[in-house]
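Residue-level structural notes
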Amino acid sequence: GEEASSLTKDAKADREKLLRLSVSEGELRAKVRDLEKRAAKAEQDLTRESALRRRLHNQIEDMKGKIRVLCRVRPLSKKESGDDCGVVKDGEGSLTVLPAKENQEKKRFHFDAVFEGVREDNSQSKLFE
């Protein structure tokens, strides 16, 4: 009698806990989806704002008359690609030249901007815009 009644109460309490947890899980999933959407929008906003900041910075530098140094990396020739040498773009404005010979050191260069590969947005006319 008493044991069965106690088990019934425990089962009822466990069912209520389970129901609350499933509601909480649904709410959490909805919050995660919302946060993922907000993070994606923030990433898009950051990309757009970074491009705007870069364009405005370049306009200011042009007005000051400052010379900017840009680097456009051409594809490796057949000989170069066989020599295990290469160029690695390290970031927005730096690159590292990997030597063909082991006894030579890597050389790192810094520029106002680095463009790599043969792409339409790396054309001569685009770089001068």
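Everything below is about the structure shown above.
So, here's what we can say about the structure. Not measured: the values here are computed from a predicted model.

What follows covers the overall build of the protein chain. Along its length, the protein chain carries 3 helices and 5 strands. Mapped from its N terminus to its C terminus, the protein chain presents α and β elements in the order α-β-α-β-β-β-β-α. Taken over 129 residues, the protein chain has a buried fraction of 9%. In the protein chain, once contacts between residues fewer than 6 apart in sequence are set aside, the share between residues at least 24 apart is 33%. As displayed, the protein chain has an accessible area near 11300 Å², and 54% of this comes from carbon and sulfur atoms.

We now examine the pattern of salt bridges. Tallied over the entire structure, the rule returns 5 salt bridges. Residue lysine 41 is joined to aspartate 45 by a salt bridge in which the shortest nitrogen-to-oxygen separation is 3.2 Å. In this pair, lysine 41 and aspartate 45 are both assigned in helix α1 (residues 2–64), 4 residues apart and thus about one turn of the helix distant. The exposure class assigned to aspartate 45 is partly exposed, which follows from its relative accessible area of 22%. Where arginine 48 meets aspartate 45, a salt bridge forms, and the shortest distance between an N and an O atom there is 3.1 Å. Of this pair, arginine 48 and aspartate 45 both sit in helix α1, 3 residues apart, which is roughly one turn of that helix.

Time to look at the pairing of strand β3 (residues 94–98). Alignment of strand β2 (residues 86–89) against β3, held across 4 bridges, turns out to be antiparallel. Along β3, the bridge assignment pairs glycine 86 with leucine 98. As paired strands, β3 and strand β4 (residues 107–110) are joined by 4 bridges and run antiparallel to one another. Note that in β4 the partner of valine 97 across the bridge is lysine 107.

Turning our eyes to something else, we now look at the sheet that holds β2. Strands in a sheet are paired, the pairing made by backbone hydrogen bonds, and the direction either parallel or antiparallel. Spatially, the 3 strands line up as an open sheet ordered β2-β3-β4, and their pairing is antiparallel. The open sheet has two edge strands, β2 and β4, and neither has a second partner. The mean angle between the axes of side-by-side strands here comes to 25°, regardless of whether they run parallel or antiparallel.

In a regular helix each residue adds 1.5 Å, so 63 residues correspond to 93 Å; α1 covers 90 Å between its end C-alpha atoms and thus fits that length. Of the residues one or two after α1, glycine 65 is the one with positive phi, at around 85°.

With that settled, consider the side chain of glutamate 61. Looking at where glutamate 61 falls in the secondary structure, it is placed in helix α1. Residue contacts for glutamate 61: discarding those within four places in its chain leaves Lys66 and Arg68.

Rules used throughout
Residues numbered from 1 in each chain as written. Predicted model: local features only at pLDDT ≥ 70, side-chain atom pairs only at ≥ 80, totals over all residues. Heavy atoms only, no water. Helix = DSSP H or I, 4+ residues; strand = E, 2+ residues; numbered from the N terminus. Buried < 20%, exposed > 50% of the residue type's maximum accessible area, 1.4 Å probe, protein only. Contact = heavy atoms within 4.5 Å. Areas by Shrake-Rupley, 256 points an atom, 1.4 Å probe, with all protein chains shown as cover. Salt bridge = Lys/Arg side-chain N within 4 Å of Asp/Glu carboxyl O. Pairing = 2+ DSSP bridges. Axes fitted to C-alpha atoms, helices over the stretch in contact; angles between N-to-C directions. Expected span 1.5 Å × (residues − 1).

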